[in-house]
There are 4 protein chains.
Amino acid sequence: MFKITVTARFGDLDALGHINNIVPATWFELARTPILKIFDPHMSIDKKDFCLIMAHTDYDFTDQLYIKDEIEIRTWISKVGTKSFTVYHEAWQQGRLCVKGSAVIVHYDFNIEKSTPIPEDKKKLLEDHFLA
Amino acid sequence: MFKITVTARFGDLDALGHINNIVPATWFELARTPILKIFDPHMSIDKKDFCLIMAHTDYDFTDQLYIKDEIEIRTWISKVGTKSFTVYHEAWQQGRLCVKGSAVIVHYDFNIEKSTPIPEDKKKLLEDHFLA
Amino acid sequence: MFKITVTARFGDLDALGHINNIVPATWFELARTPILKIFDPHMSIDKKDFCLIMAHTDYDFTDQLYIKDEIEIRTWISKVGTKSFTVYHEAWQQGRLCVKGSAVIVHYDFNIEKSTPIPEDKKKLLEDHFLA
Amino acid sequence: MFKITVTARFGDLDALGHINNIVPATWFELARTPILKIFDPHMSIDKKDFCLIMAHTDYDFTDQLYIKDEIEIRTWISKVGTKSFTVYHEAWQQGRLCVKGSAVIVHYDFNIEKSTPIPEDKKKLLEDHFLA
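Procedures and definitions
- Residues numbered from 1 in each chain as written.
- Chains lettered and ligands numbered in written order.
- Predicted model: local features only at pLDDT ≥ 70, side-chain atom pairs only at ≥ 80, totals over all residues.
- Heavy atoms only, no water.
- Helix = DSSP H or I, 4+ residues; strand = E, 2+ residues; numbered from the N terminus.
- Buried < 20%, exposed > 50% of the residue type's maximum accessible area, 1.4 Å probe, protein only.
- Contact = heavy atoms within 4.5 Å.
- Areas by Shrake-Rupley, 256 points an atom, 1.4 Å probe, with all protein chains shown as cover.
- Buried area = accessible area lost by both parts, 1.4 Å probe.
- Salt bridge = Lys/Arg side-chain N within 4 Å of Asp/Glu carboxyl O.
- Least-squares fit on C-alpha atoms with pLDDT ≥ 70 in both.
- Polar contact = N/O pair within 3.5 Å; in protein donor to acceptor, adjacent residues only side chain to side chain.
- Phe/Tyr/Trp six-rings, centres within 6.5 Å; stacked < 30°, edge-to-face > 60°.

## Side note on the overall build of chain A
Then comes step 1: Within chain A, the secondary structure is distributed over three helices and six strands.
Then comes step 2: The N-to-C order of helical and strand elements in chain A reads β-α-α-β-β-β-β-β-α.
Then comes step 3: Principal-axis analysis of the C-alpha atoms gives chain A an extent of 45 × 30 × 25 Å.
Then comes step 4: When the 132 residues of chain A are sorted by exposure, 58% land in the buried category.
Then comes step 5: Residue pairs in contact within chain A that sit at least 24 positions apart in sequence constitute 64% of those at least 6 positions apart.
Then comes step 6: Surface accessibility of chain A: about 5600 Å² in total, with carbon and sulfur atoms responsible for 51%.

## A word on the environment of A:I77
Then comes step 1: Relative to the assigned elements, A:I77 resides in strand 3 (residues 71-80).
Then comes step 2: According to the relative accessible area criterion, A:I77 is buried, its value standing at 0%.

## Focus: the interface of chain D and chain A
Then comes step 1: Between chain D and chain A, the contact holds 16 residues from the first and 16 residues from the second.
Then comes step 2: Between chain D and chain A, a total of about 1500 Å² is buried, with carbon and sulfur atoms accounting for 70% of that surface.
Then comes step 3: Looking at the side of chain D facing chain A, the largest losses of area belong to D:R9, D:F10 and D:E29, adding up to 36% of the total buried there.
Then comes step 4: Our count for the chain D to chain A interface comes out at two salt bridges.

## Section: the relation of the copies chain B and chain A
Then comes step 1: Superposing chain B onto chain A requires a rotation of 180° together with a translation of 0.0 Å along the rotation axis, leaving an RMSD of 0.0 Å. Here the symmetry operator amounts to a two-fold rotation axis. When C-alpha distances to the rotation axis are compared across chain B, the minimum falls at B:D58, with a value of 2.0 Å.

## Side note on the interface of chain B and chain A
Then comes step 1: Tallying the contact residues gives 27 residues for chain B and 27 residues for chain A.
Then comes step 2: Here chain B packs against chain A, burying approximately 2300 Å² in sum over the two surfaces, 55% of which is carbon and sulfur.
Then comes step 3: Joining chain B to chain A, the criterion identifies zero salt bridges.
Then comes step 4: Connecting chain B to chain A are twelve residue pairs in polar contact (both at pLDDT 80 or more).
Then comes step 5: Breaking the side of chain B that touches chain A down by element, the ones donating at least two residues are helix 1 (23-31) and strand 2 (52-61) of chain B.

## Describing unusual backbone geometry
Then comes step 1: Of note, the phi angle at B:Q94 is positive, near 50°, even though the residue is not glycine.
Then comes step 2: Here B:Q94 is to be found in the loop between strand 4 (84-93) and strand 5 (96-109).
Then comes step 3: Accessibility expressed as a relative area gives 59% for B:Q94, which makes it exposed.
Then comes step 4: Even without being a glycine, D:I45 presents a positive backbone phi close to 45°.
Then comes step 5: On the secondary structure map, D:I45 appears in the loop between helix 2 (33-39) and strand 2 (52-61).

## A look at the pattern of salt bridges
Pairs may arise between side chains of opposite charge once their charged atoms sit close together.
Residue and element names in this part refer to chain B.
Then comes step 1: In the structure shown here, the tally under the stated rule is 28 salt bridges over all chains.
Then comes step 2: Between R9 and D12 there is a salt bridge, and its shortest N-O distance comes to 3.4 Å.
Then comes step 3: With its nearest N and O atoms 3.1 Å apart, the salt bridge here joins R96 to D63. Remark: D63 occurs in the loop between strand 2 and strand 3 (71-80) and R96 occurs in strand 5; sequence separation between them is 33 residues.

## Considering the packing of aromatic side chains
Then comes step 1: Counted according to the given criterion, the structure contains 26 aromatic pairs over all chains.
Then comes step 2: Through successive ring pairs, a cluster of aromatic residues spans A:F28, A:Y59, A:F61, B:F28, B:Y59 and B:F61.

Dropping the structure here:
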């Protein structure tokens, strides 16, 4: 499991005084950086070599998020397939689970614009973070 | 069906030269404004009266989006339940379906923090935009 | 002068019920696309060839912006120097000037990480949009 | 001086592989939270009582920011006037000053839509963070 702590900024609030529902997507993206590093250790993010593309995301909003308290983002790998894997995230604030969501990421070759098999060594590194 | 046309901005691109996957969420939100207006015609968005809260969103990324060409966002109502309804969106660029996604919105009373039934007249207005 | 019309989305509001002050920066960026096209007509935005880098931006917030009404962004070139030029923007809503701001953009070679002179033909194209 | 450390997310990059110039505005906003708390200690951000409005921001981009390394945001008060004060921010990465910027914030009554004098006790609390 990966953990990061984030704090909302003033503009993340919307007119209802809670965090707008698009904001957790940016926190989950930030939480995936260690997973990107499995595939691109130096974070060079060069399209010639970069090998991940987003296929699907979903978000369940189970409780409201406010600006006052820190938010903990917990991240696991929930599935590893042949050519894609799934990341599962939770956002917690003050002991309340507020958002849970998944991201399905495809192993992809941008030069030929096709999905490609995830190398076995990368699979192993992903599996170290399996949701128990 | 509701239609809007949007144009990506320079910063919507990411290091892979395509539109970052979080950006379509902002376009879909913009496309839902006419639906908000069914419930809050003057867009006063006062927490005492406002009656919608987001429960779920999902996004399927079926093709890459680029900065060069306009993007058409097509929006329908796909389901109307007792206390919630579902909005379905598609993002099209140059004849290619690039993103499709749903948003489940709950009819909600922020004063008592509970879901409440959607009034019948609002249901009818939603159903005018049913996905054929 | 360049003109675009934009509409705020729900999440652009902040807890005070007006548009958050960072949002106009995204509209001004969108309004600069025709200026980018003077230098990169096909919007390929390839670091090997792309020749612009942002040196400075400023924003004066002269009135509040709300979600209800469209916003018109008016854009001019206010200065053309040897190696940089300045873009001037205004955001108008319902006859009220709400934001004015400038962006100083440097003609830049990313390969050598140095500013370079703006070609004469590009200067002419910029000057067609001078603030009267 | 206030210090926070932030990390860029994948989508903060633009097609040039560096952090888009609008992103530091969000970090500076986050860095101002302790200053908001001087005026709204419980961060209730209720328009009836909230007393700050943004009048001006500016940003000088002195070096490029990348995704790989953490960014330190340093924040001071640079000026305290009768009805407004100025916050000064710097963004540092790997010993390089990459962005510096100011925000002029007006003490404001949203009920009468007018600026009002900053109370003396708040001025003192601001002055504790003066730029040396």
